Amino acid sequence: NSPVITPVLCGSSGINAEYGVDHLRCELDFTLSCLWCRKQERRRTSKGTDKMKALGVMLVIVFAVQALGADFSEYLPSPGGLVHKTCINILPDDLIEIKKGENDDHYIITEKGEIRVPACKHKKVVPRQSGWVTWAMYSHKEAISSTQSTWTVPDMPEVNHNQTIFFWNGLEPVSQMAVLQPVLQFGLSAGGGGYYWAIASWYVDDSGHVFVTKLLAASPGEIILGTLVQMNNGTWNVTGKNINSGEHVSLFYNNPHQDYVHAYQVLEQYNVNRCAMYPPNGSITFSDISVFSQNKKVTPKWVSKRQDLLCKENTKVLNETTVEIVY
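Below is a short write-up of the structure. (Residues numbered from 1 in each chain as written. Predicted model: local features only at pLDDT ≥ 70, side-chain atom pairs only at ≥ 80, totals over all residues. Heavy atoms only, no water.)

## Some thoughts on the state of the cysteines
And then number 1: For the structure on display, the rule yields two disulfides.
And then number 2: In this model, Cys87 is linked to Cys120 through a disulfide, with the two sulfur atoms separated by 1.6 Å. Disulfide Cys87-Cys120: the torsion about the S-S bond is -55 degrees, which places it as left-handed. Taken as a pair, Cys87 in the loop between β2 (81-84) and β3 (88-90) and Cys120 in the loop between β6 (113-117) and β7 (131-139) lie far apart in primary sequence, 33 residues in all.
And then number 3: Residue pairing for Cys275: its cysteine sulfur links by disulfide to Cys311, the two sulfurs lying 2.1 Å apart. Across the disulfide from Cys275 to Cys311, rotation about the S-S bond amounts to roughly -110 degrees, and the bridge is consequently left-handed. With Cys275 in the loop between β17 (260-270) and β18 (283-293) and Cys311 in the loop between β20 (303-306) and β21 (314-319), this pair connects stretches of sequence that are 36 residues apart. (Disulfide = S-S within 2.5 Å. Helix = DSSP H or I, 4+ residues; strand = E, 2+ residues; numbered from the N terminus.)

## Details of the packing of aromatic side chains
And then number 1: Applying the stated criterion across every chain, the model contains 16 aromatic pairs.
And then number 2: With centroids separated by 5.4 Å and ring planes inclined at 75 degrees, the aromatic side chains of Phe186 and Tyr195 adopt a geometry described as edge-to-face.
And then number 3: Classification of Tyr195 by relative accessible area gives partly exposed; the value is 44%. (Phe/Tyr/Trp six-rings, centres within 6.5 Å; stacked < 30°, edge-to-face > 60°. Buried < 20%, exposed > 50% of the residue type's maximum accessible area, 1.4 Å probe, protein only.)

## Some remarks on the pairing of strand β4 (residues 95-100)
Working note: regular strand, side chains alternate between the two faces of the sheet.
And then number 1: Summarising the sheet, β4 and strand β5 (residues 106-110) pair through five bridges and their orientation is antiparallel. In the strand pairing of β5, Leu95 is matched with Thr110.
And then number 2: Between β4 and the antiparallel strand that follows it, β5, lie five residues; Asn103 among them carries a positive phi value of about 55 degrees. (Pairing = 2+ DSSP bridges.)

## Description of the pattern of salt bridges
A side chain of one charge can pair with a side chain of the opposite charge if their charged atoms are brought near each other.
And then number 1: As enumerated under the stated definition, the model contains two salt bridges in all.
And then number 2: Ionic pairing is found between Lys112 and Asp94, a salt bridge with its closest N-O pair at 3.1 Å. Of this pair, Lys112 sits in the loop between β5 and β6 while Asp94 is found in the loop between β3 and β4, placing the two residues 18 residues apart along the sequence.
And then number 3: Residue class for Lys112 comes out exposed when judged on its relative accessible area of 76%.
And then number 4: Taking relative accessible area as the criterion, Asp94 reaches 12% and is therefore assigned buried. (Salt bridge = Lys/Arg side-chain N within 4 Å of Asp/Glu carboxyl O.)

See the structure below:
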């Protein structure tokens, strides 16, 4: 069983004496004693069994980071964990595809040629008190070939204090060691950003690789369409589209050795330590959800999950095509 953790809110009295306003470093430092809790609990509850091998690997990472005295100011939030600045790849406009190579190498294929991206030297960090907060999950017995969702850009948070908020739909492979996702974000992330809403398409894996498109600004009330479609050549087209403006951002990823079987609708956050740091709407609805396997429509049975709650966040499965996330 996962250990019982007493929450520590970075920014609260007592914590400020040591960390001041550096909430990100505070979150990371408290993470080190229990780096594996969040990731392992999510995998355990979704698969029904602990991954002891993965646990051992993640504990080794914890001790290695402690021993090396890592500079946490070099890490930024992504929709999949905190990642080192040297692991971030902002994709060019002439992207053809990202291709998985051997030995964890990747290749960015563009109209001008091929760029080799070696394995990152810095593993990503999954904070204990930030990250996936509440979500809906569906696991299919066979490979998923496409999925989509729509949601509306919320109002601006009433309090802006260096928080990062992600709303996204996406897919993970059987291993759950990577994620493809069109994302709506507020705040600063590994892809950029600031005090505004923006969409981007991402690929993040547990080895620390981060590939992200340019950010596309969005305004409250606009409708976002997130689609993930596997094309005939096996490449995934991951697109976030602003329905109102018609603008979109697309990422193309090809790994012929991975079947994507886990689908999600997610609220993920970093450095939210007061409820007013969320949008004032109080909830967001993912609607018009569809999931296809072998190009045949399936009826997903969504399962709601949540952890590390600050504001009674939860996910309500209204039906197979509608999921409401409350915060």
